[in-house]
Amino acid sequence: MMKSGRHVPNKNDQILIDQFLDTIWLESGLSQNTLSAYRSDLEQYAIWIYKSKYQLSTAGRAQILNYLGYCVANGVAARSSSRRLSSLRRFYQYMNREGRIDSDPTSDVESPIVGSYLPETLSERAVEKLLEAPDTNTALGIRDRTMLEALYASGLRVSELVTLTRSELDETAGLVRVIGKGQHERIVPLGEECLNWVCFYLDGARNAILNGKTSDSIFITKHGGPISRQRFWQLIKYYGKRAGIGEHLSPHTLRHAFATHLLNHGADLRSVQMLLGHANLSTTQIYTHVATARLQSLHASHHPRG
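Rules used in this analysis
- Residues numbered from 1 in each chain as written.
- Predicted model: local features only at pLDDT ≥ 70, side-chain atom pairs only at ≥ 80, totals over all residues.
- Heavy atoms only, no water.
- Helix = DSSP H or I, 4+ residues; strand = E, 2+ residues; numbered from the N terminus.
- Buried < 20%, exposed > 50% of the residue type's maximum accessible area, 1.4 Å probe, protein only.
- Contact = heavy atoms within 4.5 Å.
- Areas by Shrake-Rupley, 256 points an atom, 1.4 Å probe, with all protein chains shown as cover.
- Expected span 1.5 Å × (residues − 1).
- pLDDT = per-residue confidence, 0-100.
- Core = buried A, V, L, I, M, F, W, Y, C linked by side-chain atoms within 4.5 Å.
- Phe/Tyr/Trp six-rings, centres within 6.5 Å; stacked < 30°, edge-to-face > 60°.
- Salt bridge = Lys/Arg side-chain N within 4 Å of Asp/Glu carboxyl O.
- Pairing = 2+ DSSP bridges.
- Axes fitted to C-alpha atoms, helices over the stretch in contact; angles between N-to-C directions.
- Parallel < 35°, antiparallel > 145°, perpendicular 65-115°, else oblique.
- Left-handed = near helix turned anticlockwise from the far one by under 90°.
- Nonpolar A, V, L, I, M, F, W, Y, C, P; charged D, E, K, R; others polar.

## Let's talk about the overall build of the protein chain
Then step 1. Each helix and strand counted, the protein chain has twelve helices and three strands in total.
Then step 2. Residue burial in the protein chain is summarised as follows: out of 306 residues, 47% are buried.
Then step 3. Nonlocal contacts in the protein chain, meaning residues at least 24 apart in sequence, comprise 60% of its contacts between residues at least 6 apart.
Then step 4. When the accessible surface of the protein chain is split by element, carbon and sulfur atoms take 49% of a total near 15800 Å².

And the structure:
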């Protein structure tokens, strides 16, 4: 059971849970193991929301999302989180049917993708250390710093980053046109800091690397061809170690950081979905759990009543 100041639900919530279990047992003839699983899921949730001064009958969508974020932050697997949400969904459907609540707060909550994993991300300070790792006194170091800046500023997939061409960059507007999965096109802003690095790289370091060769690719090797995904993966591992960030860093980690940090600073999920190029909102949903867990951790650490 999760740690809490209380180890049982409050009396009213316990009564609601018991009534719900009696009803579904009569209606569906569920096994004792299934009923026990429902009881465990609902009681853990009731204990958790009580600390936020809510009860089962007053909690809404925000509390459910926060709870899922809490589960993820405490190492609960996607399959287990999905099962807990299923328990809550059935309970609130029952409550709504019985007229005890006006609407089902789980109706707009998408289940975590079973088989998926909690994406590893970086703190904002760790990202800064990574971005500062390349030696910008060299042309290749400027190229690498610019690639890292672009990946973090845009949330591009590494395959999208390494295949960017000059014709897909609008330096005046600070935008790139990206052809993502399924040949879907999207427009992504780079932001002022990243755009400064891109212009600095294009104005000098890129020409020095090309050394008279021509290429339409933005990020190139000294042979004039586009840098490969494998090479950039090697580079980010190298800079991660140089920055003291650890061994599990990959280009995708910056994409995760991009999404999580946007949500931490108030971006809405639909906007993040568009920027990432996700076809389905459910794919983006996991970042809500990551960001919510991070905000809860910050609140608990820094708020006087956390």
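Let us keep going from here.
## Notes on helix α4 (residues 78-97)
Then step 1. Its 20 residues place the ends of α4 28 Å apart at the C-alpha level, agreeing with the 28 Å of an ideal helix rising 1.5 Å per residue.
Then step 2. Along α4, the positions that sit buried rather than exposed are A78, S81, S82, R84, L85, S87, L88, F91, Y92, Y94 and M95.
Then step 3. The elements touched by buried residues of α4 are α1 (11-28), α2 (32-50) and α3 (61-73).
Then step 4. Looking one or two residues beyond α4, the residue adopting positive phi is G99, at roughly 75 degrees.

## Here we look at the confidence of the model for the protein chain
Then step 1. When pLDDT is averaged along the protein chain, the result is 83; 84% of the residues meet or exceed 70.
Then step 2. Counting interchain partners and residues more than four positions distant, the pLDDT-below-50 stretch residues 1-6 has 15 contacts.

## Re unusual backbone geometry
Then step 1. Here the phi dihedral of K53 falls at roughly 65 degrees; this positive angle occurs in a residue that is not glycine.
Then step 2. Here K53 shows up in the loop between α2 and α3.
Then step 3. By relative accessible area, K53 is classed as exposed at 77%.

## What to know about the nonpolar core
Then step 1. Residues L130, L148, L161, Y201, F219, F232 and L254 are the most contacted members of the largest nonpolar core, which totals 41 residues.
Then step 2. Going through the elements one at a time, α5 (124-131), α6 (139-154), α7 (158-162), β2 (175-179), α8 (192-210), α9 (229-242) and α10 (251-264) are the ones with two or more residues in this core.
Then step 3. With eight residues, the top contributor of residues to this core is α8.
Then step 4. Setting aside its immediate chain neighbours within four residues, L254 contacts L122, V127, L130, L148, L151, Y152 and I236.
Then step 5. Formed by 30 residues, the second largest nonpolar core is a distinct cluster that contains A59, L68, C71 and L85.

## A short note on the packing of aromatic side chains
Then step 1. Enumeration according to the criterion identifies eleven aromatic pairs in this entry.
Then step 2. Where F20 meets Y94, the ring centres are 5.4 Å apart and the plane angle is 55 degrees; that geometry is what we call tilted. Of this pair, F20 sits in helix α1 while Y94 sits in helix α4, and the two are 74 residues apart along the sequence.
Then step 3. Ring centres 5.2 Å apart and planes at 75 degrees place the aromatic pair F91 and Y92 in the edge-to-face group.

## What about the pattern of salt bridges?
Then step 1. Tallying each qualifying case throughout the model produces twelve salt bridges.
Then step 2. Two residues, E98 and R97, come together in a salt bridge whose shortest N-O distance is 3.6 Å.
Then step 3. Through salt bridges that share partners, D18, R39 and E43 make up one connected network.

## Notes on the sheet that holds strand β1 (residues 169-170)
Then step 1. In space, the three strands of this open sheet follow the order β1-β2-β3, with antiparallel pairing throughout. The sheet is open, and its two edges are formed by β1 and β3 (185-189), each paired on a single side.

## Quick notes on the packing of α10 against helix α11 (residues 269-276)
Then step 1. Running from amino to carboxyl end, α10 crosses α11 at an angle of 160 degrees, the nearest separation of the two axes being 10 Å. As summarised for this structure, α10 and α11 are arranged roughly antiparallel, according to the angle between their axes. For the pair α10 and α11, the sense of crossing is right-handed. Each of R255, F258, A259, L262 and L263 in α10 lies in contact with α11, whose residues at this interface are L269, V272, L275 and L276.
Then step 2. Residues that form the contact of α10 with α11 fall into these classes: eight nonpolar, no polar and one charged.

## Observations regarding the pairing of β3
Then step 1. Residues R186 and V188 of β3 are buried on one face, while the alternating residues E185, I187 and P189, pointing to the opposite face, are not.
Then step 2. The sheet contact formed by β2 and β3 spans five bridges and is antiparallel. Bridge pairing in β3 links V178 to R186.

## Digging into the environment of L235
Then step 1. Summarising the element assignment, L235 is placed in helix α9.
Then step 2. In sequence terms L235 and P134 are 101 residues apart; their C-alpha atoms lie 9.5 Å from each other.
Then step 3. In this structure, L235 is in contact with R143, D144 and I227, ignoring residues within four places of it in sequence.

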